[in-house]
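Summary of the model geometry
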Amino acid sequence: MAGKIPSSFIDSLMARIDIVDVIDNRVPLTRKGREFQACCPFHEEKTPSFTVSPAKQFYHCFGCGAHGTAIGFLMEYANLGFVEAIEELAETAGMEVPREQGGGGQKKDESAGQLLGLVDQASNWFQQQLRSHPDARKAIAYLKGRGLDGRICAHFGVGFAPDSWDGLLNELGDSEIRRDQLLKAGLVIRKDNSDSKSGNRDMYDRFRGRVIFPIEDHRGRVVAFGGRVFGEGEPKYLNSPETALFHKGAELYGLHRARRAIGSENRSVVVEGYMDVVSLAQFGVENSVATLGTATTRTHLQRLFRLAPEIVFCFDGDRAGRDAAWKAMQVALPEMQDGRQLGFLFLPDGEDPDSIVRNEGGDAFKARVNDAMSLDQFMFDTLLAQVDMTRMDGKARLMSMAQPLVGQLPEGTLREMMRSKLSSLSGLSAEQMGSVPGKQSAPRLRRRTQPLEGALSPLALAIAMLLQNPSLAQTIERPEMVEQLTLKGADHFRSMLSQISASPDMNTARLLEYFRESGVHEYLQKLASYETSIDEEVLERHFNDTLATIVSQQDEQRRLALLEKSREQELEGAEKEELLELLKGRSQTMVES
Ligand SMILES: [Zn+2]
């Protein structure tokens, strides 16, 4: 992967986003005073104890102890890694994630950059082959036969891989490093039983005799390829393997190009293959994307829902298509906040979007999309087909199948409507149905986080106060006290102060993010959610008093240590002076003042 993300970027990202939006988009929040509330997404509960503070940009659950910043929330809730969470937030904020040069990150950054560069060169080479290779005529004839013109092929960067074992390898594999990179990018395959020192002869091109579709990531960079045979041959479709650049579960073919159309149509259409996406675009349906040989994932859905509130899945009408649709629906249920819509479009047997749009045209396809089955229709039709509703045990079976599904929906109108539909089908009242099982069936049950027990040490308390109210930094009455702090943790306190002075509008979450990799991050998060129960009017006073207490305790410890030492040996000059100072009671006067 790319290099380290500079902490300055994380800070400006944290300054730009609002945790309330980030969470509200996933777990609808209601305002309560200065904070926002919801039932906790991390443990099962009926009354909300999950609170989000806009001032601190921090969430905290009084029930299970879950807490953190917007980044932490995404990591926990959407199961993202740190970098992915940053990328996700940056995308919503319209920011580009920079990578740090220099230091340890440089080598990694370079190699990711080089890998991208190499993949891009490969893409250009494939396109060039389509234009100039003598065998490309067959590929072009195939594309024309599918109704694709040169303009649309150029738009999608369609290329051609000649039927040769080393075309690309000879073109780009001119050094051992480059051959190694081709391997890492999934463009060549190493023969079994060969070592890395044998040069070109022991590797061969992955894509041979195929029409090539470059796969771009959501930022529009080519990261992988899909190849389709146009004559005989198996498999019909061949994709790049997972690489450092390419994650099937995260990327959707055509997303970058479809972005604008999805926004203006207010809807995305998910199809199964890249050929479908390209054909649809040829016929004016530009809001489609394809999964890449994998089932739909939550990351896919989240990417699409961020662009438009409706997703229509397009599947074959056969058994396999229905099964795939059912799986997609199950993945989507927890994402179905109010305002979002799912549609299921089943195509006639033997047809795919590519063939349909060529036979019927773009408008007819759009009309089919308009008439797609709704989520409730699909869910209940599928379930009802499996039970005999004239029998009591049939109704009971329907309930046992439907309730866990409905329970996956986030709370809201859709869930209520589904419940009442279920109630009318079964003839049971809502009360008789009992409460629909909540999210305990979701995989997000988390370990209870232990809160901090009992009172804090004065330094921990000072850090907690400062974390929760960064503006306290400006109220420190005796800055020299801060310099005098020697206790473990004092450096963290000082570095917080310097972050705040560099950025006066600092908030809790931004401060916490500075310490994510420090080893004390988890402890600081607990301090950020520690209930100090100090009234706001006396906060400044209390903060300054706490600092004075720390200094005096520290002095006391030092005084005792020096006295102890003096009993055993002669103190050095500086130590003598220090002890004298301490005996005069430097801090004593401070506490009293
Ligand atoms: Zn909780």
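Residues numbered from 1 in each chain as written. Predicted model: local features only at pLDDT ≥ 70, side-chain atom pairs only at ≥ 80, totals over all residues.

So, on to the overall build of the chain. Along its length, the chain carries 27 helices and 16 strands. Referenced to the eigenvectors of the C-alpha coordinate spread, the extents of the chain come out at roughly 95 × 75 × 45 Å. Here the chain, with 593 residues, has 36% of them falling under the buried criterion. In the chain, once contacts between residues fewer than 6 apart in sequence are set aside, the share between residues at least 24 apart is 67%. (Helix = DSSP H or I, 4+ residues; strand = E, 2+ residues; numbered from the N terminus. Buried ≥ 20, exposed ≤ 12 C-beta atoms within 10 Å, placed from the backbone. Contact = placed C-beta atoms within 7 Å.)

Summarising the element assignment, Ala136 is placed in helix H6 (residues 136-145). Ala136 sits 23 residues away from Gly159 along the chain, and the two C-alpha atoms are 9.2 Å apart. Setting aside chain neighbours within four positions, we find Ala136 in contact with Gln129, Leu130 and Phe160.

A word on the nonpolar core. Ranked by internal contacts, the top residues of the largest apolar core, which has 86 residues, are Ile212, Ile215, Val277, Phe313 and Met329. Per-element tally for this core: the top contributor is helix H11 (residues 274-282), with six residues. Among residues more than four places away in sequence, those in contact with Phe313 are Val270, Ala325, Ala328, Phe344 and Leu345. Counting residues in each nonpolar core, the second largest holds 54 residues, with Met14, Phe50, Tyr530 and Val551 among its members. (Core = buried A, V, L, I, M, F, W, Y, C linked by C-beta atoms within 7 Å.)

With omega at -10°, the peptide bond leading from Glu234 into Pro235 counts as cis. Mapped onto the elements of the fold, Pro235 is located in the loop between strand E10 (222-229) and strand E11 (237-239). Although it is not a glycine, Gln57 adopts a positive phi angle of roughly 55°. Tracing the backbone through its elements, the reader meets Gln57 in the loop between strand E3 (50-53) and strand E4 (58-61).

To continue, consider the domain arrangement of the chain. Taken domain by domain, the chain comprises domain 1 (7-92), domain 2 (105-239), domain 3 (255-380), domain 4 (386-441) and domain 5 (458-592). Here the C-alpha centre of domain 5 lies 60 Å away from the C-alpha centre of domain 2. (Domains from an automatic or database assignment.)

A pair of packed helices can be characterised by two numbers: the angle between their axes and the separation between those axes. Between helix H14 (residues 353-360) and helix H15 (residues 362-370), the shortest axis-to-axis distance is 6 Å and the interhelical angle comes to 125°. On the basis of the axis angle, H14 is oblique to H15. Residues Pro353, Ile356, Val357 and Glu360 of H14 form the contact with H15, whose own contacting residues are Gly362, Ala364 and Phe365. Of the residues that constitute the contact of H14 with H15, the class distribution is five nonpolar, one polar and one charged. (Axes fitted to C-alpha atoms, helices over the stretch in contact; angles between N-to-C directions. Parallel < 35°, antiparallel > 145°, perpendicular 65-115°, else oblique. Nonpolar A, V, L, I, M, F, W, Y, C, P; charged D, E, K, R; others polar.)

Taken in spatial order, the five strands make up an open sheet running E13-E12-E14-E15-E16, and their pairing is mixed. Bordering the open sheet on either side are strand E13 (288-290) and strand E16 (373-374), each of which pairs with just one other strand. The pairing of strand E15 (residues 341-347) with E16 spans two bridges and is classified as antiparallel. Paired with Phe344 across the two strands is Met373, which belongs to E16. The sheet strands contacting helix H10 (residues 255-265) are strand E12 (267-271) and E13, and the helix crosses E12 at an angle near 135°. (Pairing = 2+ DSSP bridges.)

With that settled, consider the sheet that holds strand E9 (residues 210-216). The strand order E6-E9-E10-E11 describes an open sheet built from four strands, whose pairing is antiparallel. Of all strands in the sheet, those with a lone pairing partner are strand E6 (159-161) and E11, marking the two edges. Averaged over all neighbouring strand pairs, the angle between strand axes comes to 35°, with direction disregarded.

In the contact formed by helix H20 (residues 458-468) and helix H22 (residues 490-502), the axes pass within 10 Å of each other and the chain directions differ by 20°. With respect to each other, H20 and H22 are oriented roughly parallel. In the crossing of H20 with H22, the sense of the turn from one axis to the other is left-handed. Within the contact between the two elements, H20 uses Leu459, Ala462, Ile463 and Leu466 and H22 uses Ala490, His492, Phe493 and Met496. Here the contact of H20 with H22 is composed, by residue class, of seven nonpolar, one polar and no charged. (Left-handed = near helix turned anticlockwise from the far one by under 90°.)

Of the residues in the chain, 90% have a pLDDT of 70 or more, and the chain-wide mean is 85. For residues 103-109, every residue scores under 50 in pLDDT, and the model assigns this stretch 13 contacts once sequence neighbours within four places are set aside. For the stretch residues 587-593, pLDDT sits under 50, and the model shows eleven contacts to residues farther than four places along the chain or on other chains. (pLDDT = per-residue confidence, 0-100.)

Our focus in this paragraph is the environment of Glu251. Looking at the element boundaries, Glu251 is found in the loop between E11 and H10. What makes Glu251 buried here is the crowd of 24 C-beta atoms within 10 Å. Residues Glu251 and Ser518, 267 residues apart in the sequence, show an inter-C-alpha distance of 32 Å. Not counting the four nearest positions on each side in its chain, Glu251 is found in contact with Ile215, Asp217, His218, Phe246 and Leu292.

Residues three or four positions apart in an α-helix share a direction because the helix packs 3.6 residues into each turn. Looking only at H10, the buried set comprises Leu255, Ala258, Arg259, Ala261 and Ile262. As for H10, its buried residues are in contact with E12, E13 and helix H12 (298-307).

Before going further, it helps to examine the pairing of E3. The two faces of E3 match: Phe50 and Val52 on one face and Thr51 and Ser53 on the other face are all buried. Note: strand E2 (residues 35-38) against E3, three bridges, orientation antiparallel. Residue pairing for E3: Ala38 is matched across the bridge by Phe50. Strand direction decides the pairing type here: E3 and E4, joined by four bridges, are antiparallel. From the neighbouring strand, Ser53 faces E4, where its bridge partner is Phe58. Counted between consecutive antiparallel strands, the loop separating E3 from E4 contains four residues, among which Gln57 sits at a positive phi close to 55°.

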